[in-house]
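Listed below are the residues making up each chain.
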Amino acid sequence: MRRLDRETVDRIAAGEVVTRPARVVVELVENALDASAKRIEIEVDGDGTERIRVADDGDGMSARAAELAVERHTTSKLPDGDLTAVKALGFRGEALASIADVARLTLTTNDGGPKGTRVIVDDDEVTIESAGRGRGTTIEVRDLFHNRPARRESLATPATEFERISDRVAGFALLRPGVAFSLDHDDRRTVATPGTGDAVDAVLVLPERERLGVARESTTLDATTTVEIAGLETDVTVRGLLAYPSTTRASTGHVRLAVNGRPVSVPALRRAIERGYGSLLPGDRHPVAALAVSLPPWAVDPNVHPTKETVALRAADAVASVVEDAVADALSTADLRRAADVAMDLDAALDPVEGTASALGNATFVGRFRDLYLLCEADGDLLVIDQHAAHERINYERLREAVDSATVPSVTLDPPVTLSLSPADIAAVEAHTDELARLGFDPEPFGGDTVRLRAVPAPLGRVADPEALTSALAAIRDGSATDERDALLADLACHPSLKAGDELDDDEAAALIERLGTCDQPFACPHGRPTVLAIEEGHLARGFERHPNRR
Ligand code: ADP
Ligand code: MG
């Protein structure tokens, strides 16, 4: 038995830092960003174990710094050893040393002097020579895990490992749109972002394009809010891109998040983004977004995860509500109706309209189709309103208002209605009496599988069907929904008994459109389906092969 020496311990630890090729890429990109690079070129061969090369146009290093950089626990980023002041992405000073432990590493750098430096680390041998290179740094990593057969074995197929790399690079590119990224795989360029600083420009060239929809289906935001963190007035900035709720995903993995420039996953902030979308999303769908949150370094502890994939926030609740509000504001003021050239087929011409209420303010009712759709003219576009969906939205907002102010008005049923329910519903009735009461239900378990319902909600002067209790209970039970009450209200709002009759006369139709226009969020029903589609006149003109300017 013997105690391991320090060097051996470090080498074992190296395997923890560098677990797969994507980690190498992340560490090298972080270093380039820390060096203020504006252009970062990444090349990967095969699964990344053959060769990874990252070249940047950042600050570069002096010969002395380059020599130190590959040693363990050397960093230029902690001037006085104060971890709370780190603005940089790196700070542990172990990435280059760890990579050099498990691969052959060549570092070529120049900090702007007449000649550059090359440092080659091959096993224990370090060679230093001068080299020609403009300002910046190139790091090439070959034969990754050549001395770690177990790690090599545990890697997935080259396609999967490259996919991981590509995903991490996309995260950086989206969340740092001011930097131009390129990624080549086996000499084939897979991605190149322009580095204009605009997330929309970045997204257009990323595989994200499909996930986010085209740029006109998303909005950008850039909002700074001052909140109190640890007793100090603190600026929190939220920047990025939100896909419109017409683009959703079944899983939560499509929200990209960065905190102080580092792509991380912070579940509390992801949930805040989802809350910001609120009822615009169907209950079982998740948003697509890329948001970069910036706050002072002391409010963030990046040192909570070995590979820095998450961070700890001070006052996480306050930051989460800033994010939620920023997202909600951006979505409620966004106007997607700006002109965009879309395909000629009518399918593509029918765009769910999302935007401010003013988009409906000047809508004039011109007719109806099949007692289902109301047709309006607005700003030269033809709007098609789904009468039922519009009703649901109006009902929902009125219900929500009623519940916010007090309890939902209800009417007494005399005699009470007896319902038979499943055992789970019976249990839910008992567990959620208060909540049901606030919604206007007064159910009383009556033994076995029956309840007596003594009152039902009547929020809009319309009496809910007693069966609405079942949907209210269902909404409560799968209360995984971010806001139980909202889900419940959405279901209530959509319950058939709360819908108006199918046939509306012209005045009623005009009134419905007007009321829809006054909703907080007129363009989606409470379950997130669109209420209004727009057909731009240009589409009709082109469809009829008219010259757009000639009538
Ligand atoms: P850390 O990033 O935690 O400081 P690293 O091992 O990743 O540790 O890097 C060690 C040091 O090497 C950094 O502190 C930095 O001074 C220097 N360095 C690494 N990569 C670059 C680069 N691309 N450009 C400039 N300096 C770099
Ligand atoms: Mg680093």
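Procedures and definitions
Residues numbered from 1 in each chain as written. Chains lettered and ligands numbered in written order. Predicted model: local features only at pLDDT ≥ 70, side-chain atom pairs only at ≥ 80, totals over all residues. Heavy atoms only, no water. Near = heavy atom within 4 Å. Polar contact = N/O pair within 3.5 Å; in protein donor to acceptor, adjacent residues only side chain to side chain. Helix = DSSP H or I, 4+ residues; strand = E, 2+ residues; numbered from the N terminus. Nonpolar A, V, L, I, M, F, W, Y, C, P; charged D, E, K, R; others polar. Expected span 1.5 Å × (residues − 1). Buried < 20%, exposed > 50% of the residue type's maximum accessible area, 1.4 Å probe, protein only. Contact = heavy atoms within 4.5 Å. Axes fitted to C-alpha atoms, helices over the stretch in contact; angles between N-to-C directions. Left-handed = near helix turned anticlockwise from the far one by under 90°. Pairing = 2+ DSSP bridges. Arc of directions from axis to C-beta. Core = buried A, V, L, I, M, F, W, Y, C linked by side-chain atoms within 4.5 Å. Phe/Tyr/Trp six-rings, centres within 6.5 Å; stacked < 30°, edge-to-face > 60°. Parallel < 35°, antiparallel > 145°, perpendicular 65-115°, else oblique.

**Thoughts on the site of ligand 1**
Near ligand 1 lie 19 residues; those nearest to it are Asn31, Thr75, Ser76, Lys77 and Gly93. Within the backbone of Leu96, a nitrogen or oxygen atom sits 2.9 Å from an oxygen atom of ligand 1. Breaking the shell around ligand 1 down by element, the ones donating at least two residues are α2 (21-34) and α4 (95-102). When the residues that make up the shell around ligand 1 are grouped by side-chain class, the tally is 7 nonpolar, 8 polar and 4 charged.

**Describing helix α10 (residues 316-333)**
Across its 18 residues, α10 extends 26 Å between first and last C-alpha, which sits within 8% of the 26 Å expected from 1.5 Å per residue. Looking at α10, one finds that the buried residues are Ala318, Val319, Ala320, Val322, Val323, Ala326, Val327, Ala330 and Leu331. At its buried positions, α10 is contacted by β9 (218-229), β10 (232-243), α9 (267-277), β13 (289-294) and β15 (312-313).

**Section: the packing of α2 against α4**
Between α2 and α4, the least distance of the axes is 10 Å, while the angle of their chain directions is 145°. When you trace α2 past α4, the crossing you get is left-handed. Residue-level contacts link Val24, Glu27, Leu28 and Asn31 of α2 to Ala95, Leu96 and Ile99 of α4. Looking at the contact of α2 with α4, its residues break down into 5 nonpolar, 1 polar and 1 charged.

**Some remarks on the sheet that holds strand β5 (residues 125-131)**
Spatial strand order, β5-β4-β3-β6-β2-β1-β7-β8: 8 strands in an open sheet with mixed pairing. The open sheet has two free edges, formed respectively by β5 and β8 (188-192), since each of these has just one partner strand. Each adjacent strand pair in this sheet contributes to an overall mean axis angle of 10°, direction not counted. In terms of strand pairing, strand β3 (residues 104-110) meets strand β6 (residues 136-142) through 7 bridges, oriented antiparallel. Bridge assignment links Thr106 to a residue of β6, and that residue is Glu140. Strand contacts of α2: β1 (39-45), β2 (51-56), β6 and β7 (180-185), with the helix running at about 10° to β2, the strand carrying the most contacts. Across the sheet, helix α6 (residues 158-175) lies against β1, β7 and β8, angled at about 170° from β7, the strand it touches most.

**A closer look at the pairing of strand β17 (residues 364-369)**
In this sheet, strand β18 (residues 373-378) lies alongside β17 in antiparallel orientation, the contact comprising 5 bridges. Bridge pairing links Phe369 to Tyr373 in β18. In textbook terms, the turn of a hairpin is the stretch between consecutive antiparallel strands, and for β17 and β18 this stretch comprises 3 residues, one of which, Arg370, has a positive phi near 55°.

**What to know about the pairing of β8**
Moving residue by residue along a regular strand, the side chains alternate between the two faces of the sheet. Across 4 bridges, the pairing between β7 and β8 is antiparallel. Note that in β8 the partner of Asp184 across the bridge is Arg189. Taking the residues between adjacent antiparallel strands as the criterion, β7 and β8 are bridged by 2 residues, where Asp186 takes a positive phi near 45°.

**Remarks on helix α14 (residues 423-431)**
Of all the positions in α14, only Asp425, Ile426, Ala428 and Val429 are classed as buried. Seen end-on, α14 carries its buried residues on one side only, within an arc spanning 160°. Those residues of α14 that are exposed and aimed more than 90 degrees away from the buried face are Pro423, Glu430 and Ala431.

**A look at the environment of Arg20**
Here Arg20 shows up in the loop between α1 (6-17) and α2. Accessibility expressed as a relative area gives 23% for Arg20, which makes it partly exposed. For the pair formed by Arg20 and Thr49, sequence separation is 29 residues and the distance between their alpha carbons is 8.5 Å.

**A short note on the sheet that holds β10**
The 5 strands lie next to each other as β9-β10-β13-β11-β12, forming an open sheet whose pairing is mixed. Only two strands of the sheet have a single partner each, and these edge strands are β9 and β12 (262-263). Here strand β11 (residues 255-259) runs beside β13; their pairing, made up of 5 bridges, is parallel. Its bridge partner being in β13, Val259 is matched across the sheet by Val293. The sheet contacts of α9 involve β10, β11 and β13, and relative to β11 the element is tilted by about 125°. Packing against the sheet, α10 makes contact with β9, β10 and β13, and its axis sits at approximately 145° to β9.

**What about the nonpolar core?**
Counting residues in hydrophobic clusters, the biggest one holds 44 residues, and the most contacted among them are Leu28, Ile40, Ile42, Leu105, Leu107, Val141 and Phe181. A per-element tally of this core places α2 first, with 8 residues. Apart from the residues within four sequence positions on either side, Leu28 is in contact with Ile52, Val54, Leu96, Ile99, Ile139 and Val141. Val236, Ala272, Ile273 and Leu295 belong to the second-largest nonpolar core, a separate cluster that totals 34 residues.

**A few points about the side chain of Thr450**
Among the structural elements, Thr450 can be located in strand β22 (residues 450-457). By relative accessible area, Thr450 is classed as buried at 18%. Among the polar contacts listed, one links the side chain of Thr450 to the backbone oxygen of Gly447, at a separation of 2.9 Å. The contacts of Thr450, once residues within four sequence positions are left out, are Thr418, Leu419, Ser420, Ile426 and Pro445.

**Examining the packing of aromatic side chains**
Applying the stated criterion across every chain yields a total of 1 aromatic pair. Here the aromatic rings of Phe369 and Tyr373 are separated by 6.2 Å at their centres, their planes lie at 20°, and the arrangement is stacked. Given the relative accessible area of 45%, Phe369 is considered partly exposed.

**Looking at the packing of α9 against α10**
For the pair α9 and α10, interaxial distance at closest approach is 7 Å and the crossing angle is 30°. Judged by the inter-axis angle, α9 sits roughly parallel to α10. For the pair α9 and α10, the sense of crossing is right-handed. Residue-level inspection shows Ala268, Leu269, Ala272, Ile273, Arg275, Gly276 and Tyr277 of α9 in contact with α10, the latter providing Val319, Ala320, Val323, Glu324, Val327, Ala328 and Leu331. When grouped by side-chain class, the residues that make up the contact of α9 with α10 number 11 nonpolar, 1 polar and 2 charged.

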